[in-house]
Amino acid sequence: GTQTYLVEPAASGLQTSVQVVKGAGAFVNSVEHQGDNALAIEVVESNDLVYVADLESGFTFRYTKGLSLVDSIPSPFGVATTSGLTWNSTNNRLYWYNADAQTMLDTDLNGANPGTAVSVESPAGGAIGEIDFNPATGTFWAVDITEDLYFEFQDDGTPTGTSFSFLLGEGRGNGLTVVNG
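Residues numbered from 1 in each chain as written. Predicted model: local features only at pLDDT ≥ 70, side-chain atom pairs only at ≥ 80, totals over all residues. Heavy atoms only, no water.

1. Some points on the pairing of strand 10 (residues 103-107)
Of all 5 residues making up strand 10, 5 are buried, and the element is well covered by its neighbours. Residues Thr103, Leu105 and Thr107 of strand 10 are buried on one face, and the alternating residues Met104 and Asp106, pointing to the opposite face, are buried as well. The turn linking strand 9 (residues 93-98) back onto strand 10 is made up of 4 residues, and Gln102 within it adopts a positive phi angle of 55°. The sheet contact formed by strand 10 and strand 11 (residues 118-119) spans 2 bridges and is antiparallel. Bridged to Thr103 within strand 11 is Ser119. (Buried < 20%, exposed > 50% of the residue type's maximum accessible area, 1.4 Å probe, protein only. Helix = DSSP H or I, 4+ residues; strand = E, 2+ residues; numbered from the N terminus. Pairing = 2+ DSSP bridges.)

The structure is reproduced here in structure tokens:
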């Protein structure tokens, strides 16, 4: 069955949690996130791990799909604002988005062997949050969390021209998952 993984923000001073929900909302498990401030999350099917990137600590924590902590790996950007993380199932590499530098960088599944960083900026000019890979088209999607816009772009950072707005209000809507079918 389908499982959904969520990063649940915590009130100030409390620990962020990572949750797994199965099917139509049946709660399966929840654990305290072992990092500081979780933001980006990605399930990598090739190694059956859930990656949870801390917003600013420079680390990404890897969990089993049942949410047992496996380890942590360093962000390829170091201590920076990692607002997006996705897995490219075509080349089996991770793609990281650094909101501070407005760049995307690919690495192996251990966060090592980086490729070339590319500039990715929202066509609306706002701040980019989560990113996701679409294996059907070989393109990426990003969410502009300040201008309320989802947009598609190529692996070199060039927007395709495809986008749509959402009406959640500034600073909301960081989650993004491309679903084919």
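2. Concerning the pattern of salt bridges
Under the criterion given, the structure shown has 4 salt bridges. Between Asp48 and Lys65 there is a salt bridge, and its shortest N-O distance comes to 3.4 Å. Here Asp48, found in the loop between strand 4 (38-44) and strand 5 (49-54), pairs with Lys65, found in the loop between strand 6 (59-64) and strand 7 (69-74); they are 17 residues apart in sequence, far enough to count as distant. Overall, the relative accessible area of 43% leaves Asp48 in the partly exposed class. The class of Lys65 is partly exposed, set by a relative accessible area of 24%. Arg93 serves as the salt-bridge partner of Asp106, at 2.6 Å between the closest nitrogen and oxygen. With Asp106 in strand 10 and Arg93 in strand 9, this pair connects stretches of sequence that are 13 residues apart. Of the two residues, Asp106 and Arg93, both sit in the buried class. (Salt bridge = Lys/Arg side-chain N within 4 Å of Asp/Glu carboxyl O.)

The analysis is restricted to geometry; functional conclusions fall outside its scope.
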